[in-house]
Amino acid sequence: MGVRRIAPTDVGTVTELVHELARYEKAADQCHLTPEQLSAALFGEHPHLFGHVAEQDGAVVGCALWFLNYSTWDGVHGIYLEDLFVRADHRGSGLGRALLAELAAECERHGYSRLQWWVLDWNTPAIEFYRALGAEAMDEWVVYRVSAGPLRTLAGPTARER
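Criteria and cut-off values
- Residues numbered from 1 in each chain as written.
- Predicted model: local features only at pLDDT ≥ 70, side-chain atom pairs only at ≥ 80, totals over all residues.
- Heavy atoms only, no water.
- Patch = residues over 30% accessible without salt bridge, like charges linked within 9 Å, V, L, I, M, F, W, Y side chains within 5 Å.
- Areas by Shrake-Rupley, 256 points an atom, 1.4 Å probe, with all protein chains shown as cover.
- Salt bridge = Lys/Arg side-chain N within 4 Å of Asp/Glu carboxyl O.
- Helix = DSSP H or I, 4+ residues; strand = E, 2+ residues; numbered from the N terminus.
- Buried < 20%, exposed > 50% of the residue type's maximum accessible area, 1.4 Å probe, protein only.
- Core = buried A, V, L, I, M, F, W, Y, C linked by side-chain atoms within 4.5 Å.
- Contact = heavy atoms within 4.5 Å.
- Pairing = 2+ DSSP bridges.
- Disulfide = S-S within 2.5 Å.

A.B. asks: Tell me about a nonpolar patch on the surface, and name the residues and values.
C.D. replies: Side chains of Tyr24, Leu120 and Trp122 sit close together on the surface and give an oily, nonpolar patch of about 240 Å² of accessible area. On the secondary structure map, tyrosine 24 appears in helix 1 (residues 11–24). A residue is classified by how much of its surface remains accessible, and tyrosine 24, at 31% relative accessible area, is partly exposed.

Dropping the structure here:
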């Protein structure tokens, strides 16, 4: 059992894990990630996505995909955890905690001020797990998103001309 940085040879398996996460979150039809997209994001010329994998008996069974955010109040970066997933048959083995501990260590090594993520309000097992680690819910904040048609409308025609 262990956690390490994602390698190019892990991309196919991690793509499968992301799709498994989408199924778990009841949103499989919204997940369109391809191995080519993930590989480019992680290992392209200027990567902005980073990742770790959790292994059990030599097989990748979990992952954490993350990127840097920035706190203007703290004046330093932090880590935003986009996806944390451990296959169902390996949950409770300590791998989820090990992935989060590695991200916390990444924060400490680089002087980042926080590690944050979102969790669906119905995902009680995850919420209990995060609370047990000392994570605090940011209940006073409401998440907003602009995507698809509204994003194109907001960008306006000049965005397409550039």
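Let's pick the thread back up.
A.B. asks: Summarise the nonpolar core; cite the residues concerned and give the values.
C.D. replies: As a rule of thumb, nonpolar side chains are buried together in soluble globular proteins. One finds Ala64, Leu81, Leu84, Leu99, Leu100 and Tyr130 to be the most contacted residues of the largest nonpolar core, which totals 17 residues. Elements supplying a minimum of two residues to this core: strand 3 (59–71), strand 4 (76–86), helix 3 (95–110) and helix 4 (124–132). Beyond its immediate sequence surroundings of up to four residues, alanine 64 is in contact with Phe50, Gly51, His52, Leu81, Asp83, Leu84, Leu99 and Leu103. Counting 16 residues, the second largest nonpolar core, distinct from the first, contains Leu17, Leu42, Val53 and Cys63.

A.B. asks: So what about the sheet that holds strand 2 (residues 50–56)? Which residues, and what values?
C.D. replies: Consider a sheet: its strands pair through backbone hydrogen bonds, and that pairing is either parallel or antiparallel. Read across the sheet, five strands follow the order 1-2-3-4-5 without closing on themselves; strand pairing throughout is mixed. Here the strands that pair on one side only, and so sit at the sheet edges, are strand 1 (2–5) and strand 5 (115–116). In this sheet, strand 5 lies alongside strand 4 in parallel orientation, the contact comprising two bridges. Residue pairing for strand 5: tyrosine 80 is matched across the bridge by glutamine 116.

A.B. asks: Just give me the short version of the pattern of salt bridges, but keep the residues and values in it.
C.D. replies: Scanning the entire structure with this criterion turns up seven salt bridges. Between arginine 87 and glutamate 16 there is a salt bridge, and its shortest N-O distance comes to 3.6 Å. Taken together, the residues arginine 87 in the loop between strand 4 and helix 3 and glutamate 16 in helix 1 connect sequence positions 71 residues apart. Taking relative accessible area as the criterion, glutamate 16 reaches 45% and is therefore assigned partly exposed. Each of Arg5, Glu102, Glu106 and Arg109 takes part in one network of salt bridges that share partners.

A.B. asks: Now, about the state of the cysteines: what can you tell me, with residues and values included?
C.D. replies: In total, this model carries zero disulfides according to the counting rule given. Looking at the unpaired cysteine 31, the closest cysteine sulfur is the one in cysteine 63, lying at 11 Å. Residue class for cysteine 31 comes out buried when judged on its relative accessible area of 16%. Residue classification places cysteine 63 among the buried residues on the basis of a relative accessible area of 1%.

In short, geometric facts, not functional conclusions.
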